[in-house]
Amino acid sequence: MKLGFIGAGNMSGAILDGVLKGGLLQAEQLWVSNRHQDKLERFARLGVHTTTDNCRVAREADLVILGIKPQMFGEVLPQIADEVKGKGVLSISPGYSLAWLREQLPGCHVMRAMPNTPLLVGKGCTALAQKSGDVPEDLFEEVKAVFSSAGEVFVVPEDLIDAVIAIAGSSPAYFFRMADAMVQAGQALGLEPEQALRMAALTMEGSARMLLESGKTAGELARQVCSPGGTTLAALTAFDDHHFEGMVNEAMERCVRRSQELGK
Ligand SMILES: NC(=O)C1=CN([C@@H]2O[C@H](COP(=O)(O)OP(=O)(O)OC[C@H]3O[C@@H](n4cnc5c(N)ncnc54)[C@H](OP(=O)(O)O)[C@@H]3O)[C@@H](O)[C@H]2O)C=CC1
Ligand SMILES: O=C(O)[C@@H]1CCC=N1
């Protein structure tokens, strides 16, 4: 298989690194285009084919991943529409539906996925919208393999992709904000910033492992940390006073709304 990326940004880089590190494809099977040359340099150093011509990628690749922002779809899809006929095209963008993408790219096999940046460290979480009629099974399996090379893949009905963005696509930013706030507070309490960052990150990693491996719910695990009259309960009173669950719920609702707006 030859895999192409249009747009040499964060997500293309994360997916491509995963595919290379996971040994799924070799550099000579990969093509990347970007409108500005400078972004291509890091890819060229890996031995990947690079070009500023999106049509070249569309012509060379069997499967093309659209690694551009949703605002660029209107410009890029008409450019590549003829070249991708009969091939696979994967959108990783919020908003645009499979039905809309099929209208823009007639005769090609359109798919949708929602990955996240932890792909960069082989710990990605990617949702792939269920295969729709005209997509060959082997092509769909190839897309699954691309994302499985750097994490876990969930196949979901397309109408759940917005929910996935709220819980996995965008959520690395929620955790990074939480870590940043903890590091700042840790510093104010006298810890060295590097030490505070490492402590917060290790605790996040360990807590995530417990959630995945203990068989216990998040609520149960939180209760295990709380001693009666102790420090954790004192800390969590601030979560309650500031409506923590309400804030998270509202953040996820806003995320879904924005995805819906981007598709209009
Ligand atoms: N970042 C994330 O965590 C996630 C992002 N996504 C989705 O992935 C997609 C890419 O996002 P992300 O990687 O973050 O974005 P980036 O801004 O990092 O990358 C987009 C790239 O597209 C290039 N580009 C813009 N216009 C063109 C064009 N006309 N032709 C060729 N290249 C072009 C830009 O080049 P230049 O800078 O030179 O203009 C840039 O390198 C988006 O649809 C986003 O919604 C999905 C899940 C998670
Ligand atoms: O913020 C965004 O729109 C993209 C989609 C999911 C993560 N980043």
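Figured I'd write up the structure that's included with this text. Computed from a prediction, not measured in an experiment: that's the story for all the values here. Within every chain, residues take consecutive numbers counted from 1 along the sequence as written. Chain labels run from A onward and ligand labels from 1 onward, assigned in the order the entries are written. Thresholds applied to this predicted model are a pLDDT of at least 70 for local features of residues and 80 or more for the giving and counting of side-chain atom pairs; totals over whole chains, interfaces and linings are not thresholded and use all residues. To get the side-chain values, take all heavy atoms of the structure and skip hydrogens and water.

Lining the immediate surroundings of ligand 1 are 23 residues, of which Met11, Arg35, His36, Lys39 and Ile68 lie closest. By the criterion applied in these results, polar contacts are pairs of N or O atoms within 3.5 Å in which, for protein atoms, one can donate a hydrogen and the other can accept it, and in which residues neighboring in sequence qualify only through two side-chain atoms. Within the side chain of Lys39, an N or O atom sits 2.6 Å from an oxygen atom of ligand 1. Taking Glu75, its side chain carries an N or O atom lying 3.4 Å from a nitrogen atom of ligand 1. The method behind every accessible area is Shrake-Rupley, applied with a 1.4 Å probe, and residues are considered shielded solely by the protein chains displayed. For ligand 1, whose accessible area on its own is 900 Å², the fraction buried by protein is 85%. Only DSSP runs of H or I covering at least 4 residues are called helices, and only runs of E covering at least 2 are called strands; the numbering of each starts at the N terminus. Of all the elements in the fold, those that place two or more residues in the shell around ligand 1 are helix H1 (10–21) and helix H4 (73–80). Just so you know the grouping, Ala, Val, Leu, Ile, Met, Phe, Trp, Tyr, Cys and Pro go in nonpolar, Asp, Glu, Lys and Arg go in charged, and all remaining residues, Gly too, go in polar. Classifying every residue of the shell around ligand 1 by side-chain character gives 10 nonpolar, nine polar and four charged. Whether a residue is near a molecule or strand is decided by its heavy atoms; if any one of them lies within 4 Å of it, the residue is near.

What follows is about the site of ligand 2. The full set of residues close to ligand 2 is Pro94, Ile165, Gly169 and Ser170. For the shell around ligand 2, the class distribution of residues is two nonpolar, two polar and no charged.

Our next topic: the sheet that holds strand E6 (residues 109–114). One open sheet holds the eight strands; their spatial order is E3-E2-E1-E4-E5-E6-E7-E8, and the pairing between them is mixed. Both outer strands of the open sheet, strand E3 (49–51) and strand E8 (151–156), are each paired with one neighbouring strand and no more. Strand-to-strand twist of the sheet, defined as the mean angle between neighbouring strand axes without regard to direction, takes the value 25°. The sheet contacts of H1 involve strand E1 (3–6), strand E2 (30–33) and strand E4 (63–66), and relative to E1 the element is tilted by about 160°. The strands touched by helix H7 (residues 161–169) within the sheet are E6, strand E7 (124–129) and E8, with E6 carrying the most contacts at an inclination of about 40°. The criterion for strand pairing is that DSSP finds at least two bridges linking the strands in question. Lines fitted to C-alpha atoms define the axes here, with helix axes fitted over just the stretch in contact, and angles between the N-to-C directions of these axes take values from 0 to 180 degrees. The contact criterion used throughout is that any non-hydrogen atoms of two residues lie within 4.5 Å.

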